[in-house]
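This is what each chain is made of:
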Amino acid sequence: QVQLVESGGGLVQAGGSLRLSCAASGRTFSSYAMGWFRQAPGKEREFVAAINWSGGTTDYAGSVKGRFTISRDNAKNTVYLQMNSLKPEDTAAYYCAADKHFILTPRTGVNEYDYWGQGTQVTVSS
């Protein structure tokens, strides 16, 4: 079992930056692929970014590519999402998720992740 706790959300003006963190419990964190997802009011949860167990492979949604960067520190059991050039349409609750399957290429489907955090709110004002 893995517990995930997100932090770093908040209110920021358009064009600004935020860094989200997701701290994981458990000794198996380093073998898990990790993902970030977001959900805006009235919309379905959507993929944002993912990273494989080693950090060597990443994937991004087209809407954030070039603006967001996912990274991980396995020594600290933490995954990060650096968000730059934020837009009002990035406003959502952001969720960290863990895929317990040992895979080389991180996956992008909501149903492919096994553990979820409680979410952190990001609000971007225009």
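A brief look at the structure comes next. (Residues numbered from 1 in each chain as written. Predicted model: local features only at pLDDT ≥ 70, side-chain atom pairs only at ≥ 80, totals over all residues. Heavy atoms only, no water.)

## Overview of the nonpolar core
For soluble globular proteins, nonpolar side chains are generally found buried alongside one another. Judged by nonpolar contacts, the single largest core of 35 residues is most densely connected at Leu4, Met34, Trp36, Leu81, Met83 and Tyr94. The set of elements that each furnish at least two residues to this core consists of strand E3 (18-24), strand E4 (33-39), strand E5 (46-51), strand E7 (68-73), strand E8 (78-83), strand E9 (92-99) and strand E11 (120-125). (Core = buried A, V, L, I, M, F, W, Y, C linked by side-chain atoms within 4.5 Å. Buried < 20%, exposed > 50% of the residue type's maximum accessible area, 1.4 Å probe, protein only. Helix = DSSP H or I, 4+ residues; strand = E, 2+ residues; numbered from the N terminus.)

## Comments concerning a nonpolar patch on the surface
There is a patch of nonpolar side chains on the surface, built from Trp53, Phe102 and Leu104 and spanning about 340 Å² of accessible area. Along the chain, the position of Phe102 falls in the loop between E9 and strand E10 (115-116). Classification of Phe102 as exposed rests on a relative accessible area of 55%. (Patch = residues over 30% accessible without salt bridge, like charges linked within 9 Å, V, L, I, M, F, W, Y side chains within 5 Å. Areas by Shrake-Rupley, 256 points an atom, 1.4 Å probe, with all protein chains shown as cover. Salt bridge = Lys/Arg side-chain N within 4 Å of Asp/Glu carboxyl O.)

## Details of the side chain of Asn52
Tracing the sequence through the fold places Asn52 in the loop between E5 and strand E6 (58-60). Among the polar contacts made by the side chain of Asn52, one reaches the main-chain amide nitrogen of Gly56 at a distance of 3.0 Å. If we skip the residues at most four places from it in the chain, Asn52 touches Tyr32, Ala33, Thr57, Arg72, Ile103, Leu104 and Pro106. (Polar contact = N/O pair within 3.5 Å; in protein donor to acceptor, adjacent residues only side chain to side chain. Contact = heavy atoms within 4.5 Å.)

## A short note on the pattern of salt bridges
Going through the model one piece at a time under the given rule, you end up with four salt bridges. The salt bridge involving Asp90 is made with Arg38; its shortest N-O contact spans 2.9 Å. In this pair, Asp90 is assigned in the loop between E8 and E9 and Arg38 in strand E4, connecting sequence segments 52 residues apart. Arg38 matches Asp90 in its accessibility class, with the two residues each being buried. Of the charged contacts, one joins Arg67 and Asp90 as a salt bridge, the two residues approaching to 2.8 Å between their closest N and O atoms. Separated by 23 residues along the polypeptide, Arg67 in the loop between E6 and E7 and Asp90 in the loop between E8 and E9 bring together distant segments of the chain. The two residues Arg67 and Asp90 agree in class, both being buried.

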